[in-house]
Amino acid sequence: MSLNADQTVEALRAAGEPTRLRVLSLLAGEELSVMELSRILDQSQPRVSRHLKLMADAGLIERFPDGARVFYRLSSDLPARRLIDTVLDLLDVSAGAADDQRLEAVRREREAAAGAYFERIAPQWDRIRSLYVSESAVEAAIIRAAGDGPFERIVDLGTGSGRMLTLLGRNAKMSVGLDLSQNMLNIARANVMKAGLDKVELRHGDIFATRLPEQSADLVMVHQVLHYLVDPAAAVAEAARLVMPGGRLLIVDFAPHQLEYLRDDHQHRRLGFSDDEIRRWLTGAGLTSSASIALPPDTDGLTVSIWTAARPAVAAGKVA
């Protein structure tokens, strides 16, 4: 598909303004809220919002509410993305240096706040998580979704206290847990040792760039991690990259909700994910998704969803 003449002219008009070009360049890196864009651009939120509306109406960017906040990202429409990429390729890279510096400052503040939070609550992590929904019900559903095994290799991204490793690790020849928090990794090491698991490797690692071999695990877990991330779609893509033919990816996170206090009190970046959003990311990463599992809370609170996807097995006699 391609844009017709009128659509192309409208899109070029929407992009053809200095502030809007700056916005497109910033959104090419990650999705951002209106408040973050206003700070980076050093412009008022009403003014930034007007620019965003014009570009959204032209199909250049997408608006998605998340609780009380609104985030923006570049359009997922391929012809529109080709036009955006072409326009941005023509820009002098140095022109956006100041914006990049302010964006990096925003990122550092987010990372510092999240890091401090995780270090502070690491000893109580499992207790805090249990406040949201019955953990026993969630873990029973995870075991069913993961399958009987045995597994050649389990990878748990954002392993936290290592609970997924102790839950599923006995069914694996080898397990790997990655986390950016050294405090969390120390707790995971203690829990793995207490569980008597000796074929577990715990690494300090980044969920966006794991440095693990492609298609090297038959079970990849992303358990209660995505809602903390600035770019959950990129994390899903990296997790999917690790799934071997015939293997599966399990994502456990919250369904969409309106508990806004979780942003400030618990550093949640996103207030849950819809089935359509997760399924789109899984399909885009080359996996085949199954029906999701929804686990509503025992009382008022958060619904936990489990999404499962598999990489098709290589047929006998065919070269992968």
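Going along each chain's sequence as written, the residues are numbered from 1 onward. Side-chain atom pairs in this predicted model are given and counted only at pLDDT of 80 or more, local residue features only at pLDDT of at least 70, and totals for whole chains, interfaces and linings cover all residues. For side-chain calculations, the full set of non-hydrogen atoms in the structure is used, while hydrogens and water are omitted.

(A) Just the packing of aromatic side chains, in detail. Pairing of aromatic side chains requires ring centres within 6.5 Å, counting the rings of Phe and Tyr and the six-membered ring of Trp. Pairs whose planes differ by under 30 degrees are stacked, by over 60 edge-to-face, and all others tilted. Taken as a whole and judged by the stated rule, the model has one aromatic pair. Between the aromatic rings of Phe273 and Trp281, the centroid separation amounts to 6.0 Å while the plane-to-plane angle is 65°, which identifies the pairing as edge-to-face. The exposure classification of Phe273 matches that of Trp281, with both residues buried. Three exposure classes are used, based on accessible area relative to the maximum for each residue type with a 1.4 Å probe and protein chains only: buried under 20%, partly exposed in between, and exposed over 50%.

(B) View of unusual backbone geometry. For the bond running from Gly149 to Pro150, omega is 0°, close enough to zero to count as cis. Counting from the N terminus, the helices are DSSP H or I runs at least four residues long and the strands are E runs at least two residues long. Note on placement: Pro150 falls in the loop between helix 8 (135-146) and strand 4 (151-157). If you check the backbone angles, Gln267 has positive phi at about 60° while not being a glycine. Looking at the element boundaries, Gln267 is found in the loop between helix 12 (261-266) and helix 13 (275-284).

(C) Layout of the pattern of salt bridges. Note on definitions: salt bridges are taken to be side-chain nitrogens of Lys or Arg within 4 Å of carboxyl oxygens of Asp or Glu. Evaluation of the coordinates by the stated rule reveals 15 salt bridges. Note that Lys173 is salt-bridged to Glu152, the shortest N-O span being 3.0 Å. Remark: Glu152 occurs in strand 4 and Lys173 occurs in strand 5 (residues 172-179); sequence separation between them is 21 residues. Overall, Glu152 belongs to the partly exposed group, its relative accessible area being 42%. Close ionic contact of Arg241 with Glu238 constitutes a salt bridge, the shortest N to O distance being 2.8 Å. A residue pair is termed a helical-turn pair when its members lie 3 or 4 positions apart in one helix, as Arg241 and Glu238 do in helix 11 (residues 232-241) at three residues. A residue is classified by how much of its surface remains accessible, and Arg241, at 24% relative accessible area, is partly exposed. With relative accessibility at 10%, the residue Glu238 sits in the buried group. Here the salt bridges share partners, and the residues they tie into one network are Glu62, Arg73, Arg270 and Glu277.

(D) Region of interest: the nonpolar core. Core analysis: the largest hydrophobic core is formed by 28 residues, its most contacted members being Leu24, Leu27, Leu37, Leu52, Met55, Leu60 and Ile61. Looking at this core, the elements with two or more residues in it are helix 1 (5-15), helix 2 (18-27), helix 3 (34-41), helix 4 (45-57), strand 3 (69-74), helix 5 (78-89) and helix 6 (97-121). Residue contributions to this core peak at five residues, all from helix 2. The criterion used for residue contact is that any of the two residues' heavy atoms lie within 4.5 Å. Those residues within four positions of Leu60 in sequence are excluded, and the remaining contacts are Ala11, Ala14, Ala15, Leu24, Met55, Leu74, Ser75, Leu83 and Ile84. To qualify as a nonpolar core, a set must consist of buried Ala, Val, Leu, Ile, Met, Phe, Trp, Tyr and Cys residues joined through side-chain atoms within 4.5 Å. Counting 27 residues, the second largest nonpolar core, distinct from the first, contains Leu212, Ala235, Val243 and Leu249.

(E) Layout of the side chain of Arg73. Position of Arg73 relative to the elements: it lies in strand 3. According to the relative accessible area criterion, Arg73 is buried, its value standing at 17%. Here a polar contact means two N or O atoms within 3.5 Å. Within protein one must be a hydrogen donor candidate and the other an acceptor candidate, and residues neighboring in sequence count only if both atoms are side-chain atoms. Polar side-chain contacts of Arg73 include one of 3.5 Å to the side chain of Glu277. Once you skip the residues sitting within four places of it in the chain, Arg73 turns out to touch Leu27, Glu31, Ile61, Glu62, Phe64, Glu277 and Arg280.

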